[in-house]
Amino acid sequence: MFWDKEKETLDRKQIEELQSERLREVVARAVKSEFYSKKFKECGVDPGSIRGLQDLAKLPFTAKQDLRDHFPFGFLTVDRKQIVRLHASSGTTGKSTAVLYTRSDLDNWTEMLARCLTMSGVTADDVFQNMTGYGMFTGGLGMHYGAERVGALAIPMGAGNTKWQIANMKAYGTTVFHATPSYALHLCEEIAAEGIDPRKDLKLRIGLLGAEPYSEGTRKKVQDALGIDVFNSFGLSEMNGPGVAFECEEKNGMHLWEDHYILELLNPATLEPVAEGEKGEMVMTTLTREGMPLIRYRTRDLTSVLPGECPCGRHHRRIARITGRSDDMMIIKGVNVFPSQIEDVLMAMPEVGCNYQIELMRKEGADHIVVNVEVGETFFKGDITDLNKLQRKIQERLREETLVKPEVRLLEPNALPRSMGKAVRVVDKREL
Ligand code: ADP
Ligand code: ZN
């Protein structure tokens, strides 16, 4: 199903022509901001010399720190009066940054979300319960307006308050929900704990999960527990928020809307493009943003582009699951480990429950990694022999995957703190 078939099925050539044309426009617009007027001068970039995609590499990068240093209005390219909305990043990796939207920016964002929702099967018949935080976080209002645009009945629940969420699912016959994957796992536990059979007692059919990395194992857990289809949703506030890239019915990679963004995948060390299919850092340029265009923004998110065409007919390229941010990478005894590798192992094991947490510490001067794992409700019988076996099995699988042997601590179900929004997966105690 398409929301805007013409734009969603542009072919490669049309996409690239449009990108070139819009790149010229966005560069001409960006130079009106305090930040880019200075930056272009420093780097000797003449905006008029940018003819199209072939000149992209001449443009300087924009870093998260630049947004912080020029907080809040240093990137503004229009009169302040034209800005009608402000959001802020959730600050997972430091001081938050502000994002400014004109009316047209909000409209484009909502259109992209309408495409995403339609692509995953959401229609005007749906009751859409939005379980991410409203307020400064973009996942609330962003998704909300997208759901309204496709004509769904949007319920602005916000994050947390799980019993009330479930009561409302029953009361209003919710068919679609949007949440972080960590919260969705928690929701599954609560639904089970209340003795609800989601297949009989609820009308849920689609879960849209995003805003933090998760594994195929987590998707499967939520799908199986609730009897629904789960689609991966990707976005970041600097690029509007959710709706940047989303899975279609194929559930195989997320189409990134290339009429609104240019995607480059670069080697984070050399800043050169990676080879086709290789993993790299997503570097993105906004093509249609008026209030606050960003050029070659280094997202720090790591992914690869899937090869080939998607059977759904959209030619906007697909990105693979985000394995994490380059700044998520843990260096343990000199070995690079991503939290997502640990999640992959844990969530593929049926004995493992819905939550885990990684602790990094120093033991006798060396790095030490502890993986706290909740055992699944059905498996947790307290039999010590079984638990010891499971502990060794998890430890061995993690060692095979990461090349580091962690200490594994098994916990009872519900032992770890629950997050309502983005989960804190890694606690680094090495500096303490
Ligand atoms: P913050 O950067 O403070 O977390 P945002 O709310 O803007 O603020 O979060 C955007 C980030 O969330 C992305 O850059 C990415 O790291 C992560 N993210 C969003 N969606 C996904 C997803 N589907 N898979 C993995 N990571 C995601
Ligand atoms: Zn597709």
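One structure accompanies this document, and this report is about it. Nothing here was measured: the structure is a model prediction, and the numbers come from that model. (Residues numbered from 1 in each chain as written. Chains lettered and ligands numbered in written order. Predicted model: local features only at pLDDT ≥ 70, side-chain atom pairs only at ≥ 80, totals over all residues. Heavy atoms only, no water.)

1. Some thoughts on the sheet that holds strand S12 (residues 297–303)
Put simply, the rule is: Criterion used throughout: strands pair if DSSP finds at least two bridges between them. Helix and strand assignments follow DSSP, with helices taken as H or I runs no shorter than four residues and strands as E runs no shorter than two, numbered in order from the N terminus.
Read across the open sheet, the four strands follow the order S10-S11-S12-S14; overall the sheet is antiparallel. Single-partner strands in this sheet number two, and they are strand S10 (261–266) and strand S14 (324–325). Relative to S12, strand S11 (residues 280–286) is paired through four bridges, and the arrangement is antiparallel. Each bridged residue has a counterpart across the sheet, and for Glu 281 the counterpart in S12 is Leu 302.

2. With respect to the sheet that holds strand S17 (residues 352–363)
Put simply, the test is: Angles shown run from 0 to 180 degrees and are taken between the N-to-C directions of axes, each axis being a line fitted to C-alpha atoms and, for helices, limited to the stretch in contact. Whether two residues are in contact is decided by their heavy atoms, any of which lying within 4.5 Å being enough.
Here four strands make up an open sheet; going across it, the order is S19-S18-S17-S20 and the pairing mixed. Edge positions in the sheet fall to strand S19 (407–411) and strand S20 (426–428), since each has one partner strand and no second. The sheet shows a mean angle of 20 degrees between the axes of neighbouring strands, direction not considered. The pairing of strand S18 (residues 366–375) with S19 spans five bridges and is classified as parallel. Residue pairing for S19: Val 371 is matched across the bridge by Val 408. Helix H11 (residues 339–347) rests against S17, S18 and S20 of the sheet, and its axis sits at about 140 degrees to S17.

3. Considering helix H2 (residues 12–30)
Put simply, the test is: In this analysis, the expected span of each helix is defined as 1.5 Å times one less than the number of residues it contains. Exposure is judged per residue with a 1.4 Å probe applied to protein chains only, and the accessible area is read against the type maximum: over 50% gives exposed, under 20% gives buried, and values in between give partly exposed.
In a regular helix each residue adds 1.5 Å, so 19 residues correspond to 27 Å; H2 covers 26 Å between its end C-alpha atoms and thus fits that length. Within H2 the residues assigned to the buried category are Ile 15, Leu 18, Gln 19, Ser 20, Arg 22, Leu 23, Val 26, Val 27, Arg 29 and Ala 30. Buried residues along H2 sit in contact with helix H3 (34–43), S10 and S11.

4. Quick notes on the environment of Gln 391
Topologically, Gln 391 is positioned in helix H12 (residues 384–402). Residue classification places Gln 391 among the partly exposed positions, given a relative accessible area of 30%. Sequence-distant contacts of Gln 391, that is, excluding residues within four places in its chain, are made with Val 408 and Leu 410.

5. What about the pairing of S18?
Applied cut-off: With the strands pointing away from the viewer, any crossover whose connection runs clockwise from the first strand over the helix to the second is right-handed.
Of all ten residues making up S18, nine are buried, and the element is well covered by its neighbours. For S17 and S18, the ladder comprises nine bridges, and the chain directions are antiparallel. The residue of S18 that forms the bridge with Glu 359 is Val 370. Remark: two residues form the turn of the hairpin made by S17 and S18, two consecutive strands paired antiparallel; Glu 364 in that turn has positive phi of roughly 50 degrees. With respect to chirality, the unit in which S18 leads through H12 into the neighbouring parallel S19 is right-handed.

6. Looking at the packing of aromatic side chains
Both the distance between ring centres and the angle between the ring planes are used here to describe each pair of aromatic rings. Selection criterion: Only Phe, Tyr and Trp rings take part, Trp by its six-membered ring, and two of them pair if their centres are within 6.5 Å. Stacked means planes under 30 degrees apart, edge-to-face means over 60, and tilted covers everything else. Either the NZ atom of lysine or the CZ atom of arginine qualifies as a charge over a ring when it sits within 6 Å of the ring centre and within 35 degrees of the ring normal.
Enumeration according to the criterion identifies five aromatic pairs in this entry. Considering the side-chain rings of Phe 35 and Phe 75, the 4.4 Å spacing of their centres and the 25 degrees angle between planes classify their relative orientation as stacked. Here the residue Phe 35 occupies a position in helix H3, and Phe 75 occupies one in the loop between helix H4 (64–69) and strand S1 (83–88), the gap between them amounting to 40 residues. Accessibility assignment for this pair places Phe 35 and Phe 75 in one class, buried. Look at Tyr 36 and Phe 75: their rings are 5.5 Å apart centre to centre, the planes differ by 85 degrees, and that puts the pair in the edge-to-face class. One end of the pair, Tyr 36, is in helix H3; the other, Phe 75, is in the loop between H4 and S1, with 39 residues separating them in the sequence. As far as the burial class goes, Tyr 36 and Phe 75 line up, both buried. An aromatic cluster is present here, built from Phe 35, Tyr 36, Phe 40 and Phe 75 joined pairwise through their rings. Over the aromatic face of Trp 257 sits the side chain of Arg 115, whose NZ or CZ is 4.7 Å from the ring centroid. When the ring centre of Tyr 214 is taken as reference, the NZ or CZ atom of Arg 321 above it lies at 4.5 Å.

Any functional reading would require information beyond the geometric quantities listed.
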